[in-house]
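# Inside the fold
For reference, the chains in residue letters:
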Amino acid sequence: MTATTICQLLDFDELTLIESPDAPISGVGESTISQIRLWLDLVGVDEQEMLKYTEGSFKHSIKFTNFLQKNSGSFHYPFGDVRFNSETWWSNREKYNPNEYAQYINPVSLVAEEGKFDATSHFSFHFDAVKFGQFLKRNYCDGVKHITANVIGCDKDINGIKSLHLDNENKIEADLFIDCTGFRSLLLGEYLEEPFIPFDHLIPNDSAWATQVPYSDKEKQLVAYTECTAIDNGWVWNIPLWKRIGTGYVYSSKYVSDEDAKQEFIEHLKSKKYDTKDCKFKKISMRIGRHKRTFVKNVIAIGLSAGFIEPLESNGLFTVHENLIDLWKTLRRGKPSQFMKDLYNTSTGNAFDEFAEFVAVHYAFTQRDDTDYWKDIFNRSYELNTEHSIDIYGLKAFLLELYKKSSYDNLHTGFHYIASGMDVCAYTNPNSPQQDIQRMETENLKWKETVEKLPTVLEVIKDFHH
């Protein structure tokens, strides 16, 4: 993705990509959110060709299951804009289940839940992440010099890294180095020793098991949403692609051993009627947090080498393409001044922090206390009055004002879907006229009638793959 951005948008005399033959590819970033389409359009990627090559499918929403209580059911966080002010729904809250919130204010949630696809609504993609990289390499990275070798050392000067030493005895000099070495953060973290800021005051998880399972009922299981299901010591993702389903268990090693977590995961998959006998399970240890700066001297870290929150809300790939857009803005005039580097660091740092705070809210609102993991999360303090407080998406700037004023501005973020889905009232005095409530319910019936006429995801996506 980084090489594609540079090749398509920036003017460099020479671009070299050094790839280790030994470092494993993570390959689990299979779910995206709708902002990726801005990056795809910016660099000129053909979405239909990308879907074919990556065995991809569509995504309209994220579905959260059992995050409020152990058997509380599911609610949606759909893409797109709201059609009704949330205060209308909250005015008659006693009639509704919190799981119904999204379907009354945004019809995209109905489209997703019913297994349908609407090309006129906001959407993103599920795809094979390894094949996505291969697709970009084959089609959008012309002119890139590709070296297969391991970086074993470097020469530094006052400007940063002067050259890299490879295990094939070559030495690579450059004006600018971009660190895409994953959690190792070889250039930024190891060589330049940029401080790392952990997010353990916000995020409880540090590990994952990932695998792939076959469809048992493709008609029902190929849906346009990523499902996140809370279980005993974390949560399980479920991402339907064209030929198979990507799934994984995100958990905290503080509460369960790796092998016990793997068994929990297998039992969960079996409870969903998935065949696990041929599954290959991959263990992932996650470094949760971010570097203080991600552009230091002549080194820029992109992706996991810059920072990572956890897989919830598909933030991994989101961070990559958003940072790459910031990188393009920073480098498009040529060599950046220190002020432009500072702007870049401020933008990327704030983005990491905001997203970490947003992810933390998914846990902070829980009512679960059925295991030690959930009990500790339920009793966790988020230090609202310290410098580590959650203050972008709400717990300081929003939640402390929760009972004082309406917060319509939060309809422009995803916060209200999570809060309402977790049965947290985001409005002080919900008191809409009765005719507004009737109009909302009438519109909801019309939405359902329209959704019934839409094609299923399977019907649409098979045209891409045949």
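Residues numbered from 1 in each chain as written. Predicted model: local features only at pLDDT ≥ 70, side-chain atom pairs only at ≥ 80, totals over all residues. Heavy atoms only, no water.

### Looking at the overall build of the protein chain
This is how the line gets drawn: Runs of E in the DSSP output that reach at least two residues are strands. Runs of H or I that reach at least four are helices, and both are numbered from the N terminus. C-alpha atoms define the radius of gyration in this analysis, and the globule rule sets the expected value at 2.2 Å times the number of residues to the power 0.38. Burial here depends on accessible area, computed with a 1.4 Å probe over protein chains only, as a share of the maximum for the residue type. Under 20% is buried, over 50% is exposed, and the range in between is partly exposed. Any two residues whose heavy atoms approach within 4.5 Å are treated as being in contact. Every accessible area reported is derived by Shrake-Rupley at a probe size of 1.4 Å, with residue values counting cover from the shown protein chains alone. In summary, the charge assignment counts Lys and Arg as positive and Asp and Glu as negative, without counting His or the chain termini. Charge placement uses NZ in Lys and CZ in Arg. For Asp and Glu, CG and CD serve respectively.
Summing up its helical and strand segments, the protein chain has 16 helices and 20 strands in all. Taking 23 Å as the expected radius of gyration for a compact globule of 466 residues, we find that the protein chain reaches 23 Å, a close match to that expectation. A principal-axis box enclosing the C-alpha atoms of the protein chain has dimensions of 75 × 55 × 45 Å. Here the protein chain, with 466 residues, has 54% of them falling under the buried criterion. For the protein chain, the proportion of contacts with a sequence separation of at least 24, taken over those separated by at least 6, is 74%. Per element, the accessible surface of the protein chain, about 21,500 Å² overall, is 46% carbon and sulfur. In the protein chain, 51 side chains carry a positive charge and 68 a negative one; their mean positions are 1 Å apart.

### Here we look at the packing of aromatic side chains
Using the following cut-off: In this analysis, rings of Phe, Tyr and Trp, with Trp reduced to its six-membered ring, are considered paired at centre separations within 6.5 Å, and the interplanar angle assigns stacked below 30 degrees, edge-to-face beyond 60, and tilted for intermediate values.
Tallied over the full model, the rule gives 32 aromatic pairs. With 5.4 Å between their ring centres and 25° between their planes, F64 and F75 make a pair best called stacked. Highlighted residues: F64 in strand β3 (residues 61-65) and F75 in strand β4 (residues 74-78), separated in sequence by 11 residues. For the pair F64 and F75, one class covers both residues: buried. Note on W89 and W90: the rings are 5.1 Å apart at their centroids and 85° apart in plane angle, and the pair reads as edge-to-face. This pair shows no difference in class: W89 is buried, exactly as W90 is. Each member of the aromatic cluster is reached from another via a ring pair, and the members are Y77, W89, W90, Y96, Y101, Y104, F318, F355, F358 and Y417.

### Remarks on the pattern of salt bridges
The cut-off we apply is this: By definition, a salt bridge exists where a carboxyl oxygen of Asp or Glu is found within 4 Å of a side-chain nitrogen of Lys or Arg.
Counted according to the given criterion, the structure contains 17 salt bridges. One salt bridge connects K131 with E55, and the closest N-O pair in it is separated by 2.8 Å. A residue pair is termed long-range when its members are at least 10 positions apart, and K131 in helix α7 (residues 129-140) and E55 in the loop between α3 (47-53) and β2 (57-59) qualify at 76 residues. Taking relative accessible area as the criterion, E55 reaches 14% and is therefore assigned buried. E441 is paired through a salt bridge with K95; the nearest N and O atoms lie 2.6 Å apart. Within this pair, whereas E441 is found in helix α15 (residues 434-452), its partner K95 is found in the loop between α4 (86-91) and α5 (101-105), the two being separated by 346 residues in sequence. Residue classification places E441 among the partly exposed positions, given a relative accessible area of 23%. Residue classification places K95 among the partly exposed residues on the basis of a relative accessible area of 49%.

### Digging into the sheet that holds β3
Selection criterion: Between any two strands, at least two bridges found by DSSP are needed for them to pair. Helix axes are fitted to C-alpha atoms over the stretch in contact, other axes to C-alpha atoms as well, and angles between N-to-C directions run from 0 to 180 degrees.
Read across the sheet, 7 strands follow the order β4-β3-β13-β14-β15-β12-β16 without closing on themselves; strand pairing throughout is mixed. Looking at strand neighbours, the two that pair on one side only are β4 and β16 (282-285), the edges of this open sheet. For this sheet, the mean inter-axis angle between neighbouring strands, taken without regard to orientation, is 20°. Two elements, β3 and β4, share 5 bridges in a ladder whose sense is antiparallel. Across the sheet, the residue bridging to F64 is F75, located in β4.

### Some details on the packing of helix α2 (residues 36-43) against helix α11 (residues 315-331)
For clarity, the threshold we go by: For classification purposes, angles smaller than 35 degrees are called roughly parallel, those larger than 145 roughly antiparallel, those between 65 and 115 roughly perpendicular, and all remaining angles oblique. Each crossing gets its handedness from the near helix: less than a right angle anticlockwise from the far helix is left-handed, clockwise is right-handed. Classification used: nonpolar for Ala, Val, Leu, Ile, Met, Phe, Trp, Tyr, Cys and Pro, charged for Asp, Glu, Lys and Arg, polar for all others including Gly.
For the pair α2 and α11, the least separation of the axes is 9 Å and the interaxial angle reads 45°. On the basis of their axis angle, the class for α2 and α11 is oblique. As α2 packs across α11, the resulting crossing turns out to be left-handed. From α2, I36, W39 and L42 reach across to α11, where they touch H321, L324, I325 and W328. Considering only residue class, the contact of α2 with α11 consists of 6 nonpolar, 1 polar and no charged.

### Let's talk about the state of the cysteines
Convention followed: Criterion for a disulfide: a pair of cysteine sulfur atoms at a distance within 2.5 Å.
Counted by the stated rule, this structure contains 0 disulfides. Unpaired in terms of disulfides, C228 finds its nearest cysteine sulfur in C279, a separation of 19 Å. Given the relative accessible area of 2%, C228 is considered buried.

### Considering helix α16 (residues 457-465)
Under the convention used in this document: The arc under discussion is defined with respect to the helix axis, by the directions toward the C-beta atoms.
Buried within α16 we find V457, L458, V460, I461, F464 and H465. Across the axial projection of α16, the buried residues extend over an arc of 160°, all falling on one side. Along its buried surface, α16 packs onto α3, β2 and α9 (218-221).

### Side note on unusual backbone geometry
Of note, N66 is a non-glycine position whose phi angle comes to about 65°, a positive value. Its location among the elements puts N66 in the loop between β3 and β4. Classification of N66 by relative accessible area gives buried; the value is 14%. A positive phi is found at E313, a non-glycine position, where the angle reads about 65°.

### Thoughts on the nonpolar core
This is how it is decided: Here, nonpolar core means buried Ala, Val, Leu, Ile, Met, Phe, Trp, Tyr and Cys residues that are tied together by side-chain atoms lying within 4.5 Å of each other.
In terms of nonpolar packing, the biggest core is built from 78 residues, with F64, F67 and Y363 touching the most fellow members. Setting aside chain neighbours within four positions, we find F67 in contact with S72, C228, T229, A230, W235, L312, H362, T366, R368, W374 and M422. Core analysis: the second largest hydrophobic core is formed by 52 residues, W39, V236, V256 and F265 among them.

Nothing here speaks to function; it is all geometry.
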